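Here's the letter readout for the chains.
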Amino acid sequence: MKADKLVYMANQIAAFFRAQPAAEAQTAVAEHVRSFWSPAMRRDMYEHLRAGGEGLDPVARAGLETLMEREAPAGRTSGASG
Amino acid sequence: MSLSREKDYGTPLRGDGPIVTLTVDGVRVSVPAGTSVMAAASTMGTQIPKLCATDMLEAFGSCRLCLVEIEGRRGTPASCTTPVEEGMVVRTQTQRLADLRRGVMELYISDHPLDCLTCSANGDCELQDMAGAVGLREVRYGHDGERHRTVAKDESNPYFTFDSSKCIVCSRCVRACEDVQGTFALTIDGRGLGSLVATGGPDFLGSECVSCGACVQACPTATLNEKSVIEMGAPTRAVNTTCAYCGVGCSFRAEMQGDKVVRMVPSKDGKANEGHSCVKGRFAWGYATHKDRITKPMIRAKITDPWREVSWDEAFAHAASEFRRIQKTYGRDAVGGITSSRCTNEETFLVQKVVRAGFGNNNVDTCARVCHSPTGYGLKTAFGTSAGTQDFKSVAKADVIMVIGANPTDAHPVFASRMKRRLRQGAKLIVIDPRRIDLVRTAHIEADHHLALKPGTNVAIINALAHVVVTEGLVNEAYVRERCDLADFESWARFVAQESNAPEGVEAFTGVPAADVRAAARLYATGGDGAIYYGLGVTEHSQGSTMVMGMANLAMATGNIGRDGVGVNPLRGQNNVQGSCDMGSFPHEFSGYRHVSDDATRDMFENLWGVTLSAEPGLRIPNMLDEAVDGRFKGLYIQGEDIAQSDPDTKHVTLGLRNMECVIVQDLFLNETAKYAHVFFPGASFLEKDGTFTNAERRINRVRKTMAPLAGLADWEVTLGFASALGCDFSYDHPSQIMDEIAALTPTFAGVSYAKLDELGSVQWPCNAQAPEGTPIMHMDRFVRGKGKFMITEFVPTDERTTQRFPLILTTGRILSQYNVGVQTARTRNNVWHDEDVLEIHPFDAEQRGVRDGDLVAISSRSGEVALHARISERMQPGVVYTTFHHATSGANVITTDYSDWATNCPEYKVTAVQVQRTNRWSDWQAEDRASADLMRRVEGRADAAE
Ligand code: SF4
Ligand code: SF4
Ligand code: SF4
Ligand code: FES
């Protein structure tokens, strides 16, 4: 999917969890994306992150980076296949 | 009547109260105190003659036909108005009583036209029955009802007639309209022999009547009679089934002649409706045999080609080979399916099975995505179950009813009648809605508070209500301590206590005076049992899920969950929205709301189905369309949905559909989506198949076949055919076997079977070893998730803002006579009430734009433009305009945007920034749509298919 759409969705998710303490909020964003986004959507997001992650709000970015690390550590570009 | 009728006890049966024993005609009978002598006699099989009594209504005591003798009492009291007493000795048949009753009947008959043999109610007339029962043999006062002959028959209602000459002025219709329906459309005018039933308008159609049919049902004579009965004659058999329209899920008797429906009559033992109905279920079933029904499978290579009718086998083989080709070319994930909330549980379960086991991915979603997906997410997070907490009956115990973003009198009419009855008994009412819905002020009901908020500010209001509860010491601390997670509660309480969440802090942008919010919060927290009912005005927002959690927070903080009379309850749109969600229609969940990544659950499915299943969430509908626009998603199997009309941002949807290489539509009609389809599987209406629907109170009701499917196959058989062409090894001979599989795989359905449904009528899930007869009220002793979870629900304004260019907010809704995208109701006589969608606009906004009532206006948003006729109305606040989306040609979704709920992608239908101006032409989209409609619906060799 197009990066701008995914970024918009991720930021919306982050906006909900932002009221929680930072660490919890980041985990919650990661869990939400892991639970509801298809592998291809996640893959597109990781690509966008690697390209600089433009437009992502800090909570969203932190959460997604943790998730990317877990699912598709650097060097393994085919991560999040399913 | 020539078919067995539902028993009429004469007066309502009383369920509770101490048991009282009396003797009727020498036989001892025991009934709960409060029961009438008439009903007591009826329970032991003695029918006392009656005319003005029926068990849907409280006794009235006007006809004097039901007289009895009671030992130790003077005179002959009316048995319908006399309550039983311990030791009472009653005689229902004596010479004196017989003489009296004959005298009464003689008077009635002398004033009645005696054309019984040619009367449409012949055989189904209580007057006729009673004349027989009392042995009437002569009428001394002349007869033929001359007095009433002069009044013309009122045939204005499309479904029933009112023939005053046959009226016996028993007032059952008037009382039904008041007590059962709550509309108060009818009165008795005049006195004594000159009295007549009056509608308060020029005729029925021009009155307040909403055509629910309660009066027709109650009428003991042919005065109020269904036109279908007049045309076809009396039915000869009946099949018990469930309405296929809204989420109330009313039980009906389909009364038939052979395989033709004569009428649909609401069942008194239906637990959702208790004998009541609305105009849709009662009368608007004609679409099922409408000439537009497609009854042959069709295929075509390109959407601009005409359709070609083919055999079922060819259609299945073609569809399967296309899907396999697409998967081979573009990958396994390039196809998906959409299940329907209009199909049965069994059919829904099969479609998701075909996707997961046949396509080998989890790209399955359902139309609940666009209505109640936030309910699933929000309630599961807070309580642990994606469903409403109560049964409908519970509303009769509520002291304070809060209706949020719902318009039950139009969208859930039978439940609204139950709610209105409670409100007339004195329950308090809080309405939170931008629009002045009917409930705010209707016959004998007035809301205590109407918080007319600006669209898009729900979360700010729910937080403000919670702020008052927390800061004014109204929290039910004992409840919270015992039932909820305390740490979560405390951080939530700190959050809502912030000044920014105070009613005064949000007043400026919600538009609701702080004092009203404070008063409403106090009432909900302290007024006794508080019940929340909500609809799409809650869910269809970018913060839909947040709002659902916000309501759950408020209910938990005030201790309003887990018993009769309280709760948080979604009013579901389509008949089987609850069921389609329960059946595993979401791309991340198996049936019973278990995540696809849960190994134990997946193992269970894999073992039974003998395939390996994906542990990854699939695509949701909007994601599928995005991927299609991007060129990665190429094939879609759509059962019974019309996404080209019902989903937001039509241009985006149709672009996605046009980009696909194989779209399969399974439906009754060539709907809007079918214009973009390559394969058409004709569907079957609810009258043509067996199955179950699950209503908004989690009640599983049986749907029973009344006639053979017009296209030869029921929808579940179509899915089976497609699956088998794909090479899947599914084998079922009957939907009951599918339900057995659902029960085997889904813990909350473990105790459900057709045998049990036949025995009990219906059950509410969870239904399993712990609750063998189902669960009317959830979270009684503990929440399903253990401790109730408070979530912090910060208000985040939607990005859809009004601007100079688009200065008004458009919000959307429904009306009573039409249903959803109108595929069914617009093919019935319901169009007399609503033949086009109009734009409601406040006089202030209209004046500024020089718009007069009835003008054609262009409504434009950043997504598109359509034209509708304007209706000037003060139901809306200035700055907000409103429309419905019942007619395809309106294209209301051409203007809605692609903004959606943060958690579930449920579209934000309820907030679109628009401009409105006068115009003299339809919009470009409407013009193109009309031009292309015929082209894209041509069928080879048929001239009429595009009608
Ligand atoms: S149809 Fe319903 S609303 Fe109309 S008069 Fe009869 S009871 Fe009242
Ligand atoms: S119309 Fe029917 S129900 Fe109404 S008063 Fe007349 S006979 Fe009774
Ligand atoms: S209330 Fe709903 S379920 Fe009941 S008859 Fe009307 S449309 Fe059907
Ligand atoms: S039935 Fe009792 S008075 Fe009419």
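Within every chain, residues take consecutive numbers counted from 1 along the sequence as written. Labels follow written order: the first chain is A, the first ligand is 1, and so on. Only residues with pLDDT of 70 or above have their local features reported here, since the model is predicted, and side-chain atom pairs are shown and tallied only from 80 upward, although totals for entire chains, interfaces and linings are computed over all residues. By convention in this description, side-chain values take in all heavy atoms of the structure and omit both hydrogens and water.

Considerations on the site of ligand 2
Convention followed: The cutoff for a nearby residue is simple: one of its non-hydrogen atoms must lie within 4 Å of the molecule or strand. Each residue receives one of three labels: charged for Asp, Glu, Lys and Arg, nonpolar for Ala, Val, Leu, Ile, Met, Phe, Trp, Tyr, Cys and Pro, and polar for the others, Gly being one of them.
Surveying the vicinity of ligand 2 reveals 13 residues, the closest of which are Cys167, Cys170, Ser171, Cys173 and Cys219 of chain B. Per-class residue counts for the shell around ligand 2 are nine nonpolar, three polar and one charged.

Comments concerning the nonpolar core
All names here are of chain B. Inclusion rule: Joining through side-chain atoms within 4.5 Å is the link that ties buried Ala, Val, Leu, Ile, Met, Phe, Trp, Tyr and Cys residues into a set, and such a set is a nonpolar core. Remark: exposure states derive from per-residue accessible area (1.4 Å probe, protein chains only) relative to the maximum for the residue type, with buried under 20%, exposed over 50%, and partly exposed in between. By the criteria applied, helices consist of DSSP H or I runs no shorter than four residues and strands consist of E runs no shorter than two, each listed in order from the N terminus. Any two residues whose heavy atoms approach within 4.5 Å at even a single point are treated as in contact.
Judged by nonpolar contacts, the single largest core of 65 residues is most densely connected at Leu224, Ile401, Met419 and Leu429. In terms of residues, this core owes the most to one element, helix H13 (residues 413-424), which gives four residues. Sequence-distant contacts of Leu224, defined by excluding residues within four places in its chain, comprise Phe160, Thr161, Phe162, Cys173, Phe204, Cys215, Val216 and Cys219. Counting residues in hydrophobic clusters, the runner-up holds 62 residues, among them Cys581, Val596, Leu713 and Ile742.

A short note on the pairing of strand E2 (residues 27-32) of chain B
Residue and element names in this part refer to chain B. As a reminder of what qualifies: Pairing between two strands is assigned when DSSP locates at least 2 bridges connecting them.
The pairing of strand E1 (residues 19-24) with E2 spans six bridges and is classified as antiparallel. Within E2, the residue paired with Val20 across the bridge is Val31. Where E1 hands over to E2, the hairpin turn is made up of two residues, of which Asp25 adopts a positive phi near 50°.

Some details on the site of ligand 1
Taken together, the neighbourhood of ligand 1 is formed by Phe160, Cys177, Leu186, Phe204, Cys209, Val210, Ser211, Cys212, Gly213, Ala214 and Cys215 of chain B. Partitioning the shell around ligand 1 into residue classes produces nine nonpolar, two polar and no charged.

Some points on the pattern of salt bridges
Residues and elements named next belong to chain B. This is how the line gets drawn: Think of a salt bridge as a Lys or Arg side-chain nitrogen and an Asp or Glu carboxyl oxygen that are within 4 Å of each other.
The tally for this structure, following the rule as stated, stands at 64 salt bridges over all chains. With its nearest N and O atoms 3.1 Å apart, the salt bridge here joins Arg73 to Glu85. A residue pair is termed long-range when its members are at least 10 positions apart, and Arg73 in the loop between strand E3 (69-70) and strand E4 (89-91) and Glu85 in the loop between E3 and E4 qualify at 12 residues. Of the charged contacts in the structure, one is a salt bridge between Asp799 and Arg801, with a shortest N-O distance of 4.0 Å. Residue classification places Arg801 among the partly exposed positions, given a relative accessible area of 48%. Connected through salt bridges with shared partners, the residues Asp124, Glu226, Arg253, Glu255, Arg263 and Arg282 form a single ionic network.

Let's talk about the confidence of the model for chain B
We count it as follows: pLDDT is a per-residue confidence score from the predictor, ranging from 0 to 100.
In this model, chain B carries an average pLDDT of 90, and 97% of its residues clear a pLDDT of 70 or more. The complex prediction reports pTM at 0.91, with the ipTM value standing at 0.89.

A look at the sheet that holds strand E29 (residues 699-703) of chain B
All names here are of chain B. Stated precisely, the cut-off is as follows: What counts as an axis is a line fitted to C-alpha atoms, over the stretch in contact for a helix, and the angles between N-to-C directions run from 0 to 180 degrees.
Strand order in the open sheet made by the three strands is E28-E29-E30, with antiparallel pairing throughout. Either end of the sheet is taken by a strand with one partner, and the two such strands are strand E28 (691-694) and strand E30 (762-764). Across the sheet, the mean angle separating the axes of adjacent strands is 30° when strand polarity is ignored. Pairing of E29 with E30, which is carried by three bridges, proceeds in the antiparallel orientation. In the strand pairing of E30, Asn701 is matched with Ser762.

Quick look at the side chain of Thr654 of chain B
When you line up the elements, Thr654 of chain B lands in helix H25 (residues 650-658). If we skip the residues at most four places from it in the chain, Thr654 of chain B touches Ala644 and Tyr676 of chain B.

Structural notes on the environment of Asp564 of chain B
Residues and elements named next belong to chain B. Mapped onto the fold, Asp564 is located in the loop between helix H20 (544-557) and strand E22 (568-570). Judged by its relative accessible area of 30%, Asp564 falls in the partly exposed class. In the structure, Asp564 is positioned 398 residues away from Lys166 in sequence and 44 Å away in space, judged by C-alpha atoms. When sequence neighbours within four positions are dropped, the list of residues in contact with Asp564 reads Gln390, Asp391, Ser394, Lys397, Asp529 and Ile777.

Describing the interface of chain A and chain B
Quick reminder of the rule: Buried area is calculated as the accessible area (1.4 Å probe) missing from two parts once they are joined, with the contributions of both summed. Here a polar contact means two N or O atoms within 3.5 Å. Within protein one must be a hydrogen donor candidate and the other an acceptor candidate, and residues neighboring in sequence count only if both atoms are side-chain atoms.
Listed per partner, the contact involves 25 residues of chain A and 32 residues of chain B. For the pair chain A and chain B, the summed buried area comes to about 2,400 Å², and 53% of that belongs to carbon and sulfur atoms. The largest contributions to the chain A side of the interface with chain B come from Met1, Phe16 and Phe36 of chain A, which together make up 28% of the buried area. Seen at the junction of chain A and chain B, the total is five salt bridges. Notably, a salt bridge pairs Lys5 of chain A with Asp626 of chain B, separated by 3.0 Å at the nearest N-O pair. Counting the contacts that link chain A with chain B gives 11 residue pairs in polar contact (both at pLDDT 80 or more). Only helix H1 (3-17), helix H2 (22-36) and helix H3 (39-50) of chain A provide two or more residues apiece to the side of chain A that touches chain B. Per-element accounting of the side of chain A that touches chain B gives the leading share, eight residues, to H1 of chain A. For the side of chain A that touches chain B, the per-class residue count stands at 13 nonpolar, seven polar and five charged.

Notes on the environment of Thr546 of chain B
Residue position: Thr546 of chain B is located in helix H20. Linking Thr546 of chain B and Met791 of chain B, residues 245 residues apart in sequence, is a C-alpha distance of 8.6 Å. Contacts of Thr546 of chain B, omitting those with residues within four sequence positions, involve Phe16 of chain A together with Val459, Thr793, Glu794 and Trp902 of chain B.

Quick look at the packing of H1 of chain A against H3 of chain A
Residues and elements named next belong to chain A. Quick note on the threshold: Note on terminology: angles under 35 degrees are roughly parallel, angles over 145 are roughly antiparallel, angles of 65 to 115 are roughly perpendicular, and the others are oblique.
It is at 10 Å that the axes of H1 and H3 come closest, and there the two elements cross at 95°. One finds that H1 runs roughly perpendicular with respect to H3. Residues Ala3, Leu6, Val7, Met9 and Ala10 of H1 pack against Met41, Asp44, Met45 and His48 of H3. Broken down by class, the residue content of the contact of H1 with H3 amounts to seven nonpolar, one polar and one charged.

Looking at the domain arrangement of chain B
Residue and element names in this part refer to chain B. Threshold: Domain start and stop points were drawn from an automatic or database domain assignment.
Domain annotation for chain B reports domain 1 (1-93), domain 2 (305-371 + 577-666 + 698-746), domain 3 (373-570) and domain 4 (808-935). Distance from the C-alpha centre of domain 2 to the C-alpha centre of domain 3: 35 Å. Of the residues lining the interface, 10 residues belong to domain 2; the matching set on domain 3 comes to 12 residues. Where domain 2 abuts domain 3, roughly 760 Å² becomes buried across the two surfaces, and 40% of that area is made up of carbon and sulfur atoms. Among the residues of domain 2 in contact with domain 3, Cys371, Tyr593 and Arg698 are the three that bury the most area, contributing 61% of the side total. For the pair domain 2 and domain 3, the number of links is one salt bridge.

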